[in-house]
Amino acid sequence: MTEPYKNADDILIELRSLQRLFHRRKVLDIDQLALMRGHRYALVGANGSGKSTLLKLLAGVIKPTGGEIVYHGLDGEYDRAYLPQKPYRFSFSVRQNVIMAIPDKAMDKQQRRQQAEEALRRLGIEALADAKGNKLSGGEGQRLALARLLAMPHRLLLLDEPTSATDIAGNELFEEALKNYLAQNQSTLIFATHTLSQAVRLADTVIFLDDGKAVEQGPPEQVLYHPQSDGGKAFLRFWQG
Amino acid sequence: MKMKKNWLLLLVVLMAVALVFTACASTEKEDDTEVTTPENPVIRLSTTTSVNDSGLLAYLQPYFEEATGYTLEITSNGTGAAVALGETGDADCLLVHAKATEEEFINGGYGVDRIPFMYNYFVIVGPESDPAGVADATSAADAFKAIADSASTEFVSRGDDSGTNKAEMNIWTSINVNPSGQSWYISSGSGMGATLNQASERLAYCLTDKATFLASAANLDLKILLASSEDIKNTYSLIAVNPEAWPDTNIDGANAFIEWMTSDEASDLIAEYGVEEYGEQLFFVMDQQ
Amino acid sequence: MKYFVDALQLLLGNNGELRSIVAVTLQMSFFSTLISMLIGMPLGVLIGSRKFVGKRYLVRVIHTLMGLPPVVAGLIVFLLLSRSGPLGEFQLLFSVPAMVIAQVVLITPIMMGLTASVTSVRAKSLLETSRGIGIPRRKEIGLLLYEGRIQLIAVMMTGFGRAISEVGAVQIVGGNVQFKTRVMTTAIMLETNKGNFEFAVALGIILLLISLIINSLAQRLQEEKDD
Ligand SMILES: Nc1ncnc2c1ncn2[C@@H]1O[C@H](COP(=O)(O)OP(=O)(O)OP(=O)(O)O)[C@@H](O)[C@H]1O
Ligand SMILES: [Mg+2]
């Protein structure tokens, strides 16, 4: 393993020579990376650096052009949950939008409904339960999409800029709900964000992506406050954190 | 890039081919027009689809055009529409075969004169097995009676008010049968060719002009069962559209066409038509004048 | 105006032939649209939402078929159903089912092509989201159809409009048989050919009225869904 302090048993995902090309352009190129069970990773980097691409690959929404991703114990249908950068909101009710994310074999109709409404409450949009999903505002829609993920226990959460559209209250509610969720379900979190303070609050490890490469990895205090790479220094130049 | 070039090349080749064809076509025309061209050289002839389908006009047209310098523009429609073109002044001359309609047209002041110039016989065709025994009938009326009485056989009618259809309806009337809506009566509302096709597909009987039938007989499972009975004689007439009703029509052209069609040259040509191809004469010239 | 009065009189009167023509037309158009939808829409959704080898070529073929001349479709179906053709034993020629078959050949590519392009607009985002929350793949087609329903109603109307206004193919395979396969368009052709313009215009007016009614219904449906 690349990093000796990690126990091999705790590895959740391994990336091996992972590459993704778009129109012959290499957009992601990660030689070796191990993601540990129960950790919270923040993906940080400039626009176009490959954060979303990496999350999509991890979610299995797109396939790698080269290399492989090895999952350890993530075989269940609902083990991985992924929130796209621009989540789709279905045109049925907000409540139904959440219920659909809870498999019907898990519990009966009444319970699913209750659980969905609980998730909406956590994100402060229970009042919108009967509104149409496709008619929500940008921030409301993002809260809905988050509620949809948090309504079910998943082992791995992959969130692409989860609070890019929410207001301050929304951020607060989300972070609170997420922390409870992670503590309760022992889930692993990988999220992309441009809100670096959020990375500091939520992550134990920051991965800095520069032009498709994972150039730095470590605790937030290290990567965000004392970047080593030229790319990292340039990226954090304007940050007042 | 390479793909695009290929497409371009193909396009150029196609255009060149098209050009060559049009060039050929126009030179042909030039050779033809040696006779002095009349003042108004275009004659709009309105005729029925069955006449047009018989191929007779296409056969006569070059002889006529060479002899007179006129150009024929032939439109073919059902009898009703063919005559209507005369009523609206959209034709100079009619070549049709439905006596009652023609007389109505003349009486309405639209036509100059009705000039019957040739005839032939409709024939009754049907499946080889001939379940109604049409082959034994002595007249079309007898045959129709047999068909109407034999429950298991179908009759396909054009049902389009054409001259052929009218001749057929006259026979039904003469035997007091109203076939419309009967289960064995298929009113196809189509031209002769399509109607014959239906009759063949259904193995049903059909009244048809001989020329159209012979032209497509090879593709049909039908046989002529009754030919040349007096009650299915089909008379073709020429009518010039009355210039008093429509001054813009080409009355000189119409008269020239009528004159040529009734000439000895045309009579000989008409008598020869079809003999080589089908081994029998299809149209008979009237003894007139 | 006179034609319009004639048409109304024909409609209100007890004209069996006219009734039969309208009934056969609606029957044929309804079933052709329904069958084309059942085939074309799910396949269109698949094509519009999936990536696969040869997709570009398939789409090109579908677009070509969308412009298939009706008489060519009619001719092909005629030859197939003819007594001497491969499906001759079923004796379908000159029947309403034969017309429906020809129409399905014509309309299915249209439904498929339009559905594919309507679907492709939202497919990527929708599928990323639904897969992200573990929705089973077998539900994807249904979700895409449901989410596209407003546009798909318009697609359906396009198909129906084609079916009801088509003349070449139904003439060839239907044979324009009175009381059996005569539809509004072939009847208009026939009446025009007879020089019977009043009846033809009357039929034309009815055809337009049917189109108007059906389009209004569709619009209602769309507005309700999109309140
Ligand atoms: N489907 C695609 N087709 C072509 N290029 C793509 C596609 N998806 C992503 N790219 C390219 O890949 C690069 C990385 O994109 P990605 O979405 O991963 O960036 P990101 O780090 O998430 O950026 P942002 O902060 O703007 O969300 C970009 O240059 C983008 O243009
Ligand atoms: Mg992104």
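In short, a report on the structure. Starting from 1, residues in each chain are numbered consecutively following that chain's sequence as written. Chain labels run from A onward and ligand labels from 1 onward, assigned in the order the entries are written. Reporting of local features is limited, given that this is a predicted model, to residues whose pLDDT is at least 70; pairs of side-chain atoms are given and counted only at 80 or more, and all residues count toward the totals for whole chains, interfaces and linings. The basis for every side-chain value is the complete set of non-hydrogen atoms in the structure, without hydrogens or water.

## What to know about the site of ligand 1
Residues and elements named next belong to chain A.
Now for step 1: Nearness is defined per residue: one heavy atom within 4 Å of the molecule or strand is enough. Around ligand 1 sit 15 residues in total, of which Arg25, Lys51, Ser52, Thr53 and His194 are the nearest.
Now for step 2: The term polar contact refers here to a pair of N or O atoms within 3.5 Å; inside protein, the definition further demands a hydrogen-donor-capable atom paired with an acceptor-capable atom, and it admits residues adjacent in sequence only when both atoms are side-chain atoms. Take Gly48: an N or O atom from its main chain is 2.8 Å from an oxygen atom of ligand 1.
Now for step 3: Gly50 places a polar main-chain atom, nitrogen or oxygen, 2.9 Å from an oxygen atom of ligand 1.
Now for step 4: Expressed as a share of its isolated accessible area of 630 Å², the protein-covered part of ligand 1 is 70%.
Now for step 5: Among the detected pockets, ligand 1 sits in the largest pocket.
Now for step 6: Going through the elements one at a time, strand 2 (25–36) and helix 1 (51–59) are the ones with two or more residues in the shell around ligand 1. Surface exposure here means Shrake-Rupley accessible area, sampled with a 1.4 Å probe, where a residue is shielded only by the protein chains that are shown. Only protein atoms enter the 1 Å grid used here. Points where a 1.4 Å probe fits but cannot escape make up a cavity, open sets with protein on both sides within 12 Å along at least five of seven lines make up a pocket, and a residue lines them when an atom lies within 4 Å of a point. Each molecule is checked against the cavity or pocket grid, and it sits inside if more than half of its atoms lie within 2 Å of the grid points. Secondary structure is summarised from DSSP: a helix means a run of H or I of at least four residues, a strand means a run of E of at least two, and numbering begins at the N terminus for each.

## Remarks on the coordination of the magnesium ion (ligand 2)
All names here are of chain A.
Now for step 1: Here the magnesium ion (ligand 2) is held by Ser52 (OG) and Gln85 (OE1), and the distances to it run 1.9 to 2.2 Å. Taken together, the residues Ser52 in helix 1 and Gln85 in the loop between strand 5 (80–83) and helix 2 (94–99) connect sequence positions 33 residues apart.
Now for step 2: Each residue gets one of three labels from its accessible area relative to the maximum for its type: buried under 20%, exposed over 50%, partly exposed in between, using a 1.4 Å probe on protein chains only. A relative accessible area of 35% places Gln85 in the partly exposed class. Shown as donors are all N, O and S atoms within 2.8 Å of a metal ion, widened to 3.2 Å for Na, K and Ca; because water is not in the atom set, sites may appear incomplete.

## Considering the layout of surface pockets
Now for step 1: Grid points are joined across faces, edges and corners, and a volume is the space filled by probe spheres set on the points. The volume enclosed by the largest pocket comes to roughly 1000 Å³.
Now for step 2: What lines the largest pocket is a set of 32 residues, among which A:Val61, A:Ile62, C:Lys51, C:Lys124 and C:Glu128 lie closest to the centre.
Now for step 3: Contributing elements (two or more residues each) for the lining of the largest pocket: strand 1 (11–22), strand 2 and helix 1 of chain A together with helix 2 (16–49) and helix 5 (96–132) of chain C.
Now for step 4: In the lining of the largest pocket, the residues fall into six nonpolar, 13 polar and 13 charged.
Now for step 5: In this model, the second largest pocket occupies a volume close to 390 Å³.
Now for step 6: Secondary structure elements with two or more residues in the lining of the second largest pocket: helix 2 and helix 3 (109–122) of chain A. Three residue categories are used. Nonpolar comprises Ala, Val, Leu, Ile, Met, Phe, Trp, Tyr, Cys and Pro, charged comprises Asp, Glu, Lys and Arg, and polar comprises the others, including Gly.

## As for the interface of chain A and chain C
Now for step 1: Contacts were defined at the residue level, with two residues in contact if any of their heavy atoms lie within 4.5 Å. Chain A puts 21 residues into the contact, and the matching count from chain C is 18 residues.
Now for step 2: Two parts placed together each lose some accessible area under a 1.4 Å probe, and the buried area is that loss summed for both. Buried surface at the junction of chain A and chain C, both sides included, amounts to about 1700 Å², of which 54% is carbon and sulfur.
Now for step 3: Any carboxyl oxygen of Asp or Glu that lies within 4 Å of a side-chain nitrogen of Lys or Arg is treated as forming a salt bridge with it. One salt bridge connects C:Glu128 with A:Lys56, and the closest N-O pair in it is separated by 3.5 Å.
Now for step 4: On the surface where chain A and chain C come into contact, there are eight residue pairs in polar contact (both at pLDDT 80 or more).
Now for step 5: Broken down by secondary-structure element, the contributors of at least two residues to the side of chain A that touches chain C are strand 5 and helix 4 (138–150) of chain A.
Now for step 6: In terms of residue count, the dominant contributor to the side of chain A that touches chain C is strand 5 of chain A (three residues).
Now for step 7: Here the side of chain A that touches chain C is built from residues that sort into twelve nonpolar, one polar and eight charged.

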